[in-house]
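# Structural characterization, general
Here are the chains, one letter per residue:
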Amino acid sequence: MSRSESSPNASPIPCPLCGSRKSALFDQRSFRGIPVTNRLCQDCGLVYQSPRMSEAQLNAFYESEYRQLYQGSQGPDRKDLAVQEGRAAALLEFTRPYIKEIKRHLDIGCSAGLLLQSFRGAFACQSVGIEPGTAYRDYARQLGLQVYASLDELHAAQEAPFDLVSLAHVLEHLPDPVDYLHRLRTDLLAKHGRLLLEVPNLYAHDSFEVAHLVSYSEHSLQQVLRKAGFETLALQAHGRPRSHLIPLYLTAIAIPAEPQDGYHLEPEKRVVWKRRAGMLRRWLLTRLQPDRAWIPAEKAAAGAGERSA
Ligand SMILES: [Zn+2]
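Below is a summary of the structure that appears in this document. Since the model is a prediction, treat every value here as computed from it, not as a measurement.

About the criteria used
Residues numbered from 1 in each chain as written. Predicted model: local features only at pLDDT ≥ 70, side-chain atom pairs only at ≥ 80, totals over all residues. Pairing = 2+ DSSP bridges. Helix = DSSP H or I, 4+ residues; strand = E, 2+ residues; numbered from the N terminus. Axes fitted to C-alpha atoms, helices over the stretch in contact; angles between N-to-C directions. Parallel < 35°, antiparallel > 145°, perpendicular 65-115°, else oblique. Left-handed = near helix turned anticlockwise from the far one by under 90°. Contact = placed C-beta atoms within 7 Å. Nonpolar A, V, L, I, M, F, W, Y, C, P; charged D, E, K, R; others polar. Core = buried A, V, L, I, M, F, W, Y, C linked by C-beta atoms within 7 Å. Buried ≥ 20, exposed ≤ 12 C-beta atoms within 10 Å, placed from the backbone. Right-handed = clockwise from strand over helix to strand, strands pointing away.

## As for the sheet that holds strand β3 (residues 47-49)
- Overall, antiparallel pairing links the 4 strands, which are arranged β1-β2-β3-β9 in an open sheet. Lying at the two open borders of the sheet, with one neighbouring strand each, are β1 (23-31) and β9 (214-215).
- Examined bridge by bridge, β1 and strand β2 (residues 34-41) share 8 bridges and lie antiparallel to one another. Paired with D27 across the two strands is N38, which belongs to β2.

Here it is as structure tokens:
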């Protein structure tokens, strides 16, 4: 992909949470030769990429990445599978107190299908996935899972509703997370269903990649969920399966909620300070306790269950 095709649009993006155009520079870097700029909304405190690629440019980027990653490969490699297995175990453990029964589970961005497989094993539920990457989709299908390439394919097959919908490391890629979650709630989720989400944590994860359009804190993730019509049941910052000490990820479970009268967005304060403090803490833990700060990818599957081994 040439630079002219991949460079982000020059026009500033309104805040994906509150719509404000008042923003300040938060982070600027180069990601594989592509400039990536993240801005801080001056009205609500959300950190988001602006300018960013158009939807067509993003699709081209994903296609090119996929080609690069999967050329000559039969499917996901061992390291990747170990991380996915560890993540599935951690998400299942997190979810258990809030879910007694699942009949139908949809995992959006299901990758190799290990999360679906793990929940199917625990709840004996029907499992459906969406995965645009061909090699990963094929891998998941070999596990006996029903996997579609896109949301449109899923809609055409009339599979909804689901009593659990999960999105692990998907929300940060979406340009309009509030609208996406709102539509997910009305079109895909059963009335008393559960939403399970995991995203990188702005205050511990160095995640300003070109495909990450929004960077979430616990506060901003909850605001997005509320605006989309969800009530958060539980929200946890943790490192599993990659760290015993650094809270790299935010995992949330939420239920559909009727929009409340007089709902107001609560702005987040001191975002710049919290990012600095979080990254300093990460730096210190990495130097003081490297073995506990970072679990190698190939050991992530085994390390996921150990909270303080
Ligand atoms: Zn905002």
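## Here we look at the packing of helix α3 (residues 78-95) against helix α4 (residues 114-123)
- Running from amino to carboxyl end, α3 crosses α4 at an angle of 40 degrees, the nearest separation of the two axes being 8 Å. What the angle tells us is that α3 and α4 run oblique. Our pair here, α3 against α4, has a crossing hand that is right-handed. Together, L81, Q84, E85, A88, A89, L91 and L92 of α3 and L114, L115, S118, F119 and A122 of α4 make up the contact between the two elements.
- Of the residues that constitute the contact of α3 with α4, the class distribution is 9 nonpolar, 2 polar and 1 charged.

## Concerning the nonpolar core
- Judged by nonpolar contacts, the single largest core of 65 residues is most densely connected at L46, L115, V165, L195 and L225.
- Contact partners of L115, with chain neighbours within four places excluded, come to A88, L91, D107, C110, S166 and A168.
- Of all hydrophobic cores here, the second largest spans 5 residues; its members include A82, V83, A300 and A301.

## Thoughts on the pairing of strand β4 (residues 104-108)
- Most of β4 is tucked away, with 4 of its 5 residues classed as buried.
- The pairing of β4 with strand β5 (residues 126-130) spans 5 bridges and is parallel. Pairing of R104 across the sheet is with Q126, part of β5.
- This β-α-β element, β4 to α4 to β5, shows right-handed connectivity.
- Relative to strand β7 (residues 162-168), β4 is paired through 3 bridges, and the arrangement is parallel. Directly across from L106, in β7, lies its bridge partner V165.

Remember, this is a structural readout, not a statement about activity or role.
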